[in-house]
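Here is what each chain is made of, one letter per residue.
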Amino acid sequence: MLIQHRELFGLQMVMLSEGRLKRGTAYVTLGRMVRKGYLRSRQDPLPPGGIGLPRRYYTATELGTRVFEAWETAERAFVAGNDNS
């Protein structure tokens, strides 16, 4: 999703996932992916007079993009290897 959209905040990802991502697990997973170096994040400054938490935007790193591409390649090879038609 981040490779396609470049930069999103967590709730955008939850909404775009059409129910596949849950809010609680999305933020835990995003945090883990940042710690592993797959994503980077930046926090939007809170506007003057704003309340609540500022949005945190996420983008894929070069490492994250390479891992994603390797995963897709492995998935295609697995599916092709199991195609009995």
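Report follows, based on the coordinates. None of these values were measured; they are calculated from a predicted model.

Side note on unusual backbone geometry
Thought 1: Although it is not a glycine, Arg-6 adopts a positive phi angle of roughly 75°.
Thought 2: Within the secondary structure, Arg-6 sits in the loop between helix H1 (2-5) and strand S1 (8-9).
Thought 3: Under the relative-accessibility criterion, Arg-6 is labelled exposed at 68%.
Thought 4: Look at Glu-18: it is not a glycine, yet its phi comes out positive at around 55°.
Thought 5: If you trace the backbone, Glu-18 turns up in the loop between helix H2 (10-16) and helix H3 (23-36).
Thought 6: On the basis of relative accessible area, Glu-18 is assigned to the exposed category, the value being 69%.

What about the nonpolar core?
Thought 1: If you look at the biggest cluster of nonpolar residues, it comprises 6 residues: Leu-2, Leu-8, Met-13, Leu-30, Leu-39 and Tyr-58.
Thought 2: Excluding anything up to four places from it in sequence, Leu-30 contacts Gly-10, Met-13, Leu-39 and Tyr-58.

Things to note about the sheet that holds S1
Thought 1: Strand order in this open sheet of 3 strands is S1-S3-S2, and the pairing throughout is antiparallel. Among the strands making up the open sheet, the edge pair consists of S1 and strand S2 (39-43).
Thought 2: Relative to strand S3 (residues 56-60), S1 runs antiparallel, the two being bridged by 2 bridges. Within S3, the position partnered with Leu-8 by the bridge is Tyr-58.
Thought 3: Running over the sheet, H3 touches S2 and S3 and is turned about 110° from S2.

Thoughts on the pattern of salt bridges
Thought 1: One pass over the full model with this rule turns up 3 salt bridges.
Thought 2: Glu-7 is the salt-bridge partner of Arg-42, the closest N and O atoms lying 2.9 Å from each other. Taken together, the residues Arg-42 in strand S2 and Glu-7 in the loop between H1 and S1 connect sequence positions 35 residues apart.
Thought 3: Taking the relative accessible area as the measure of exposure, Glu-7 reaches 29% and is therefore partly exposed.
Thought 4: Residue Arg-66 is joined to Glu-62 by a salt bridge in which the shortest nitrogen-to-oxygen separation is 3.2 Å. On the criterion of helical spacing, the pair formed by Arg-66 and Glu-62 is a turn pair, its members being 4 residues apart in helix H4 (residues 62-81).

So, the layout of surface pockets
Thought 1: Empty space within the largest pocket amounts to approximately 600 Å³.
Thought 2: What lines the largest pocket is a set of 19 residues, among which Met-1, Leu-2, Met-33, Leu-39 and Phe-68 lie closest to the centre.
Thought 3: For the lining of the largest pocket, the elements supplying multiple residues, two or more each, are H1, H3 and H4.
Thought 4: Take the lining of the largest pocket: its biggest share by element is 5 residues, from H3.

About the thresholds
Residues numbered from 1 in each chain as written. Predicted model: local features only at pLDDT ≥ 70, side-chain atom pairs only at ≥ 80, totals over all residues. Heavy atoms only, no water. Helix = DSSP H or I, 4+ residues; strand = E, 2+ residues; numbered from the N terminus. Buried < 20%, exposed > 50% of the residue type's maximum accessible area, 1.4 Å probe, protein only. Core = buried A, V, L, I, M, F, W, Y, C linked by side-chain atoms within 4.5 Å. Contact = heavy atoms within 4.5 Å. Pairing = 2+ DSSP bridges. Axes fitted to C-alpha atoms, helices over the stretch in contact; angles between N-to-C directions. Salt bridge = Lys/Arg side-chain N within 4 Å of Asp/Glu carboxyl O. 1 Å grid on protein atoms, 1.4 Å probe; cavity = no way out; pocket = protein on both sides within 12 Å on 5 of 7 lines; lining within 4 Å. Points joined across faces, edges and corners; volume = space filled by probe spheres on them.

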